[in-house]
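So you can see what is in the structure, the chains are spelled out below.
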Amino acid sequence: QVQLVESGGGLVQPGGSLRLSCAASGFIFSTAAMQWYRQAPGKQREWVATIRSTGTTAYADSVKGRFTISRDNAKNTLYLQMNNLKPEDTAVYYCKAVVLGLIHWGQGTQVTVSS
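Residues numbered from 1 in each chain as written. Predicted model: local features only at pLDDT ≥ 70, side-chain atom pairs only at ≥ 80, totals over all residues. Heavy atoms only, no water.

(A) Layout of the pattern of salt bridges. Counted according to the given criterion, the structure contains four salt bridges. In this structure, Glu46 engages Arg38 in a salt bridge whose closest nitrogen and oxygen atoms are separated by 2.7 Å. (Salt bridge = Lys/Arg side-chain N within 4 Å of Asp/Glu carboxyl O.)

Here is the structure:
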């Protein structure tokens, strides 16, 4: 019954910004660590950012200083604010949760950075 639904992707110019959302249900969201991953064409899926239930965060070096992960526990929603976007940020972005040892993925949302 765990469900993760991403939204907010789209086409943006280099240097622009997007805010992704992940609506979560089927588990106690406020107690869970949540993550963002992305997968570009022809590449492995890579970790982007993590936020723990305590609010502590961690980021991949490639996005550090440009992306901000956050959560609104009252809305059961995870966010990824992406600023100063680059063409190499183009990928499908996925929300991830681990619940009772099982990995759950959202369906992904496409982000394309191009002029």
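(B) Representation of the state of the cysteines in the model. Throughout the structure, instances matching the rule amount to one disulfide. At a sulfur-sulfur separation of 2.1 Å, the disulfide partner of Cys22 is Cys95. On the sign convention where negative means left-handed, the S-S torsion of about -75 degrees between Cys22 and Cys95 marks this disulfide as left-handed. With Cys22 in strand S3 (residues 18-25) and Cys95 in strand S9 (residues 91-99), this residue pair connects regions lying 73 residues apart in the sequence. Here the two residues Cys22 and Cys95 agree in accessibility, since each one is buried. (Disulfide = S-S within 2.5 Å. Helix = DSSP H or I, 4+ residues; strand = E, 2+ residues; numbered from the N terminus. Buried < 20%, exposed > 50% of the residue type's maximum accessible area, 1.4 Å probe, protein only.)

(C) Quick look at unusual backbone geometry. The phi angle at Asn76 is positive, at roughly 50 degrees, despite the residue not being glycine. Even without glycine at this site, Asn84 takes up a positive phi of about 50 degrees. In this structure, Asn84 sits in the loop between strand S8 (77-82) and S9. When its relative accessible area of 43% is taken as the criterion, Asn84 is described as partly exposed.

(D) The sheet that holds S8, seen in detail. Ordered by their spatial adjacency, four strands build an open sheet running S1-S3-S8-S7, and the pairing between neighbours is antiparallel. At either margin of the open sheet sits one strand with a lone partner, and together these are strand S1 (3-7) and strand S7 (67-72). Averaged over neighbouring strand pairs, the angle between their axes works out to 15 degrees when direction is ignored. Both S1 and S3 contribute to a ladder of five bridges, which runs antiparallel. Paired with Leu4 across the strands is Ala24, a residue of S3. (Pairing = 2+ DSSP bridges. Axes fitted to C-alpha atoms, helices over the stretch in contact; angles between N-to-C directions.)

(E) Region of the structure containing the environment of Arg66. With respect to the helices and strands, Arg66 occurs in the loop between strand S6 (57-59) and S7. Along the sequence, Arg66 and Leu85 sit 19 residues apart, while their C-alpha atoms lie 7.8 Å from each other. Engagement of the side chain of Arg66 in a polar contact is seen with the backbone oxygen of Asn84, the distance being 3.0 Å. (Polar contact = N/O pair within 3.5 Å; in protein donor to acceptor, adjacent residues only side chain to side chain.)

(F) Representation of the packing of aromatic side chains. Under the counting rule described, the total for this entry stands at three aromatic pairs. Seen from their ring centres, Phe27 and Phe29 are 6.3 Å apart, and the 55 degrees between their planes marks the pair as tilted. For the pair Phe27 and Phe29, one class covers both residues: buried. Plain terms: the ring middles of Tyr37 and Trp105 are 5.1 Å apart, the flat faces sit at 80 degrees to each other, and that makes the pair edge-to-face. Placement of the pair is Tyr37 in strand S4 (residues 34-39) and Trp105 in strand S10 (residues 102-105), with a sequence separation of 68 residues. (Phe/Tyr/Trp six-rings, centres within 6.5 Å; stacked < 30°, edge-to-face > 60°.)

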